[in-house]
Amino acid sequence: MDDRQLLRYSRHILLDEIGIEGQERVLGARALLIGAGGLGSPAALYLAASGVGRITLVDDDEVDLTNLQRQVMHTTSRIGQPKVASGREALLQINPGIEVAALRERAAGERLRELVAAHDVVLDCSDNFATRQAVNRACVLARVPLVAGAVIRFDGQVSVFDVRDEASPCYACLFPEDSRFEDAACSSMGVFAPLVGVIGAVQAAEALKLLAGCGRPLVGRLLMLDGRGMEWTEVRIGRNPSCPVCHARG
Ligand SMILES: [Zn+2]
């Protein structure tokens, strides 16, 4: 780190749990964000500000007027731009010392698996069940930790799935792929704006802890937030021994 970096990241370096070594690990780390919307905005902003060396944004959508109530890395002047381009601009304005890859696509299949395998942590900031399952499969296969968040109306949830940890469930252990889900995408439902900020910031915190190698990750625990009463509930979650996605992992 040069003098400017030592100053920029001094409030992390001052933390015993992070220090210079932890910050160096963050600077050398690669984070993949699936979704550059309500959850992806705060998550990406904090990762960029914290100096995560390479951030990849994946999203096939464009900035729309209805996004701006909660997707805080986009701006009125960038309506109509691809979200990943708008996001890249926002992140580099905060921190020009990092690399940001803007991929305007809906990654799936082999392409998604390659992307996941090329990163150190994945943040699922998507808004639909099919994508969540595909991202989970790719993370299990590549043994890359997954930080999954979701928000609908006044309800949020967040957890970390890290199959490098023998005791950790995968996302499908908790939400089986064949479960009949009402896929209520944010595109058609109400969302209380600050809730995506809260959950997205928790995702950033968990990702940074994993990258810096500090703290205790949110593995085996699902945090649920009811924004109406501002009540957190923690549920212990374990592996499903017959989970078709992760039961055969080595
Ligand atoms: Zn599983």
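Owing to the predicted nature of the structure, the values given are computational and were not obtained by experimental measurement.

A. Just the side chain of Gln23, in detail. Mapped onto the fold, Gln23 is located in helix 3 (residues 19-27). If we ignore the near neighbours within four places in the chain, the residues touching Gln23 are Met1, Tyr9, His12, Ile13, Ile18, Ser50 and Gly51.

B. Here's a closer look at the packing of helix 4 (residues 40-49) against helix 5 (residues 83-94). Following both chains from N to C, one finds helix 4 and helix 5 inclined at 30 degrees, their axes separated by 9 Å at the closest point. The handedness of the crossing between helix 4 and helix 5 is right-handed. From helix 4, Ala44, Leu45, Ala48 and Ala49 reach across to helix 5, where they touch Ala90, Leu91 and Ile94. Grouping the constituent residues of the contact of helix 4 with helix 5 by class yields 7 nonpolar, no polar and no charged.

C. Spotlight on the nonpolar core. Of all hydrophobic cores here, the largest spans 43 residues; its most connected members are Leu33, Leu47, Ile55, Leu57, Leu91 and Leu123. Among the elements that make up this core, the one with the highest residue count is helix 9 (residues 193-212) (9 residues). What Leu47 contacts, discounting residues up to four positions off in sequence, is Ala31, Leu33, Val52, Ile55, Leu123, Ala204, Ala207 and Leu208.

D. Examining the coordination of the zinc ion more closely. Looking at the metal site, the zinc ion is ligated by Cys170 (SG), Cys173 (SG), Cys243 (SG) and Cys246 (SG), spaced 2.3 to 2.4 Å from it. Taken together, the 4 donor atoms coordinating the zinc ion and their angles of 95 to 121 degrees define a geometry best described as tetrahedral.

E. View of helix 7 (residues 129-142). Helix length check: helix 7 (14 residues) gives 20 Å between terminal C-alpha atoms against 20 Å at 1.5 Å per residue, within 8%. Those residues of helix 7 that are buried lie in contact with strand 1 (30-34), helix 6 (109-117), strand 4 (121-124), strand 5 (146-152) and helix 8 (171-174). The residue sitting at the N-terminus of helix 7 and contributing the capping side-chain oxygen is Asn128; that oxygen lies 3.4 Å from the backbone nitrogen of Ala130.

F. The pairing of strand 4, seen in detail. Covered by surrounding structure in strand 4 are Val121 and Leu123 together with Val122 and Asp124, the residues of both alternating faces. Examined bridge by bridge, strand 1 and strand 4 share 4 bridges and lie parallel to one another. Residue Ala31 lies in a different strand from strand 4, and its bridge partner there is Val121. Taken together, the 3 bridges between strand 4 and strand 5 define a ladder with parallel strand orientation. From the neighbouring strand, Val122 faces strand 5, where its bridge partner is Leu146. Assessed by its sense of winding, the connection that carries the chain from strand 4 through helix 7 to strand 5 is right-handed.

G. Seen up close, unusual backbone geometry. Not every positive phi belongs to a glycine, and Arg153 is a case in point at roughly 50 degrees. Within the element layout of this structure, Arg153 appears in the loop between strand 5 and strand 6 (155-161). Given a relative accessible area of 40%, Arg153 falls into the partly exposed group. At Met230, a position not held by glycine, the phi torsion is positive, near 50 degrees. Relative to the helices and strands, Met230 is located in the loop between strand 7 (221-226) and strand 8 (231-236).

H. Region of interest: helix 4. For helix 4, a buried count of 8 out of 10 residues is recorded, marking the element as mostly surrounded by other parts of the structure. Those residues of helix 4 lying buried are Gly40, Ser41, Pro42, Ala43, Ala44, Leu45, Leu47 and Ala48. Where helix 4 is buried, its residues meet strand 1, strand 2 (54-58), helix 5, strand 4 and helix 9. Once helix 4 ends, the next one or two residues include Gly51, with phi positive near 90 degrees.

I. Inspection of the pattern of salt bridges at higher detail. Summed over all chains, the structure comprises 17 salt bridges. In this structure, the salt-bridge partner of Glu177 is Arg137, at a minimum N-O distance of 2.7 Å. Within this pair, whereas Glu177 is found in the loop between helix 8 and helix 9, its partner Arg137 is found in helix 7, the two being separated by 40 residues in sequence. Accessibility expressed as a relative area gives 40% for Arg137, which makes it partly exposed. The salt bridge partner of Glu206 is Lys209, with a shortest N-O separation of 2.8 Å. Of the two residues, Glu206 and Lys209 are both situated in helix 9; the distance of 3 residues between them amounts to about one turn of the helix. Overall, Glu206 belongs to the buried group, its relative accessible area being 7%. Residues joined in a network through salt bridges with shared partners are Asp155, Asp226 and Arg228.

The rules behind the values
Residues numbered from 1 in each chain as written. Predicted model: local features only at pLDDT ≥ 70, side-chain atom pairs only at ≥ 80, totals over all residues. Heavy atoms only, no water. Helix = DSSP H or I, 4+ residues; strand = E, 2+ residues; numbered from the N terminus. Contact = heavy atoms within 4.5 Å. Axes fitted to C-alpha atoms, helices over the stretch in contact; angles between N-to-C directions. Left-handed = near helix turned anticlockwise from the far one by under 90°. Nonpolar A, V, L, I, M, F, W, Y, C, P; charged D, E, K, R; others polar. Core = buried A, V, L, I, M, F, W, Y, C linked by side-chain atoms within 4.5 Å. Buried < 20%, exposed > 50% of the residue type's maximum accessible area, 1.4 Å probe, protein only. Donors = N, O, S within 2.8 Å, 3.2 Å for Na, K, Ca; no water. Tetrahedral: all angles 85-135°; square planar, octahedral: opposite > 155°, others 65-115°. Expected span 1.5 Å × (residues − 1). Polar contact = N/O pair within 3.5 Å; in protein donor to acceptor, adjacent residues only side chain to side chain. Pairing = 2+ DSSP bridges. Right-handed = clockwise from strand over helix to strand, strands pointing away. Salt bridge = Lys/Arg side-chain N within 4 Å of Asp/Glu carboxyl O.

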